[in-house]
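# What the coordinates show
As a plain string of letters, each chain reads:
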Amino acid sequence: MTLSKNKLKEFREQHSLSQEALAEKAEVTRQTIISIEKGKCVPSLELALKLSKIFKCKVENLFQI
Amino acid sequence: MNNIRYVKGDNMIKDYTKILIYKLSFSVLVVITGVIFTILNIGRTDFLGFNSVGRWLIYIGVLMIAVSFMAIGFKKKRKIDERMKKIASESARWTFVSIILFAFIIMIIDGIKPITIPYYLFMSYLICGLLIIHIVLYKIVLRMY
């Protein structure tokens, strides 16, 4: 499965967060954030919800299939 | 002693000492089995470079105890997240496929020329081979995701 819309990098940069800082907040490794940003890995529902909570936005604004 | 580790990225903190106790208990059990085998003269044949199964078991048990204690010093807090779980399951899946392929190839080779090595030696080669295959596949999958 691939994501048609992945705005994680944009949101991260808007919030002036480094990959390391975001990974820390989302309780994952930095490699996972890199992998999601590159589109190599599709985040789980739990992680997608966590990320939307961090950026205070809807999940569909971050990712779409 | 750092006795806390993160498991599966969901903030679940597991007591590492519990795992260490299980490891040590199993190692001691292996040593005791080895001692019993040696006393009762069970398996008095050459076995994996040792002159009896009991002595080999004692050696392995002591090695396991040493490794368990050494691991305490090197153990660090680690996060296991969904990506790592995915990589682990993918590499395990490919290792399983390779076992089937490997078994198929061995069957053919055995049909052409019977394999006459002892069973324990064959199994130890197989286990070592599988570990190497798993490590290599893990490293490959790690680059893919």
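In what follows, the structure referred to is the one given above.
Residues numbered from 1 in each chain as written. Chains lettered and ligands numbered in written order. Predicted model: local features only at pLDDT ≥ 70, side-chain atom pairs only at ≥ 80, totals over all residues. Heavy atoms only, no water.

## Side note on the overall build of chain A
Cut-off, in case you're wondering: Put simply, DSSP marks the helices as runs of H or I at least four residues long and the strands as runs of E at least two long, and each gets a number from the N terminus on. In what follows, a contact means two residues having at least one pair of non-hydrogen atoms within 4.5 Å. Using the Shrake-Rupley algorithm and a 1.4 Å probe, accessible areas are obtained, with residue cover drawn only from the displayed protein chains.
Helix and strand counts for chain A come out as five helices and two strands. Ordered by position in the sequence, the α and β elements of chain A form the string β-α-α-α-α-α-β. Counting only contacts in chain A whose residues sit at least 6 apart along the sequence, the fraction spanning at least 24 positions is 59%. Put simply, chain A shows about 3,900 Å² of open surface, and 50% of that area lies on carbon and sulfur atoms.

## Thoughts on the interface of chain B and chain A
Here is the rule: Throughout, the accessible surface (probe 1.4 Å) given up by two parts as they are put together, summed over both, is called the buried area. We define a salt bridge as a side-chain nitrogen of Lys or Arg found within 4 Å of a carboxyl oxygen belonging to Asp or Glu. Nitrogen and oxygen atoms within 3.5 Å of one another constitute a polar contact, given that in protein one can donate a hydrogen and the other can accept it, and given that sequence-neighbouring residues count only through two side-chain atoms.
Facing 10 residues of chain B, the contacting portion of chain A comprises 14 residues. Buried area between chain B and chain A, summed over both chains or domains, comes out near 1,000 Å², and the portion from carbon and sulfur atoms is 45%. Looking only at chain B, the three residues that lose the most surface to chain A are Lys79, Glu82 and Arg83 of chain B, adding up to 49% of its buried area. Linking chain B with chain A are zero salt bridges. The interface formed by chain B and chain A includes three residue pairs in polar contact (both at pLDDT 80 or more).

## Considerations on helix H3 (residues 30-38) of chain A
So the rule is basically this: Here the term buried applies to any residue with accessible area under 20% of the maximum for its type, exposed to any over 50%, and partly exposed to those in between, with areas from a 1.4 Å probe on protein chains only.
Among the residues of H3 of chain A, those classed as buried are Thr32, Ile33, Ser35, Ile36 and Glu37 of chain A. Those residues of H3 of chain A that are buried lie in contact with strand S1 (5-6), helix H1 (8-14), helix H2 (19-26), helix H4 (45-54) and strand S2 (63-64) of chain A together with helix H3 (82-112) of chain B. Within two residues after H3 of chain A, Gly39 of chain A carries a phi angle of roughly 80°, on the positive side.

## Here's the deal with H2 of chain A
Residues and elements named next belong to chain A. What counts, and what does not: The arc in question is the one spanned by the directions pointing from the helix axis to the C-beta atoms.
For H2, every residue scored as buried is listed here: Leu22, Ala23 and Ala26. What you see down the axis of H2 is that its buried residues fit within an arc of 100°, all on one side. In H2, the exposed residues that point more than 90 degrees away from the buried face are Glu24 and Lys25. Along its buried surface, H2 packs onto H1, H3 and H4.

## Focus: unusual backbone geometry
Residue and element names in this part refer to chain A. A positive phi angle, near 50°, is found at Ser16, a position not held by glycine. Position of Ser16 among the secondary structure elements: in the loop between H1 and H2. The phi dihedral of Glu27 falls on the positive side, at around 60°, and the residue is not glycine. For Glu27, a relative accessible area of 23% puts it in the partly exposed group.

## Quick notes on the packing of aromatic side chains
Each aromatic ring pair is characterised by the separation of its centres together with the angle its planes make. Residue and element names in this part refer to chain A. Applicable threshold: Centres within 6.5 Å are what make two rings of Phe, Tyr or Trp a pair, Trp counting through its six-membered ring; a difference in plane orientation under 30 degrees is then read as stacked, over 60 as edge-to-face, and the rest as tilted.
Within this structure, the stated rule accounts for one aromatic pair over all chains. Geometrically, the ring pair formed by Phe11 and Phe55 is tilted, given 5.7 Å between the ring centres and 50° between the ring planes. Of this pair, Phe11 sits in helix H1 while Phe55 sits in the loop between H4 and helix H5 (59-62), and the two are 44 residues apart along the sequence. There is no split in this pair, since Phe11 and Phe55 are both buried.

## Quick notes on the packing of helix H1 (residues 16-39) of chain B against helix H2 (residues 53-74) of chain B
How two helices pack is summed up by the angle between their axes together with the distance between the axes. Residues and elements named next belong to chain B. The test is simple: Structural elements are reduced to axes, namely lines fitted to C-alpha atoms, with helices fitted over the stretch in contact, and the angle between N-to-C directions of any two is expressed from 0 to 180 degrees. Should an angle lie under 35 degrees it is considered roughly parallel, over 145 roughly antiparallel, and from 65 to 115 roughly perpendicular; all remaining angles are considered oblique. Should the near helix be turned anticlockwise from the far one by less than a right angle, the crossing is left-handed, and should it be turned clockwise, the crossing is right-handed. Side-chain classes are defined by residue name, with Ala, Val, Leu, Ile, Met, Phe, Trp, Tyr, Cys and Pro counting as nonpolar, Asp, Glu, Lys and Arg as charged, and the others, Gly among them, as polar.
Direction vectors running N to C along H1 and H2 enclose 160°, while the axes themselves pass 7 Å from each other. One way to sum up the angle between H1 and H2 is to call them roughly antiparallel. Crossing of H1 against H2: the hand is left-handed. Each residue belonging to the contact of H1 with H2 can be placed in one class, and the counts come to 18 nonpolar, seven polar and two charged.

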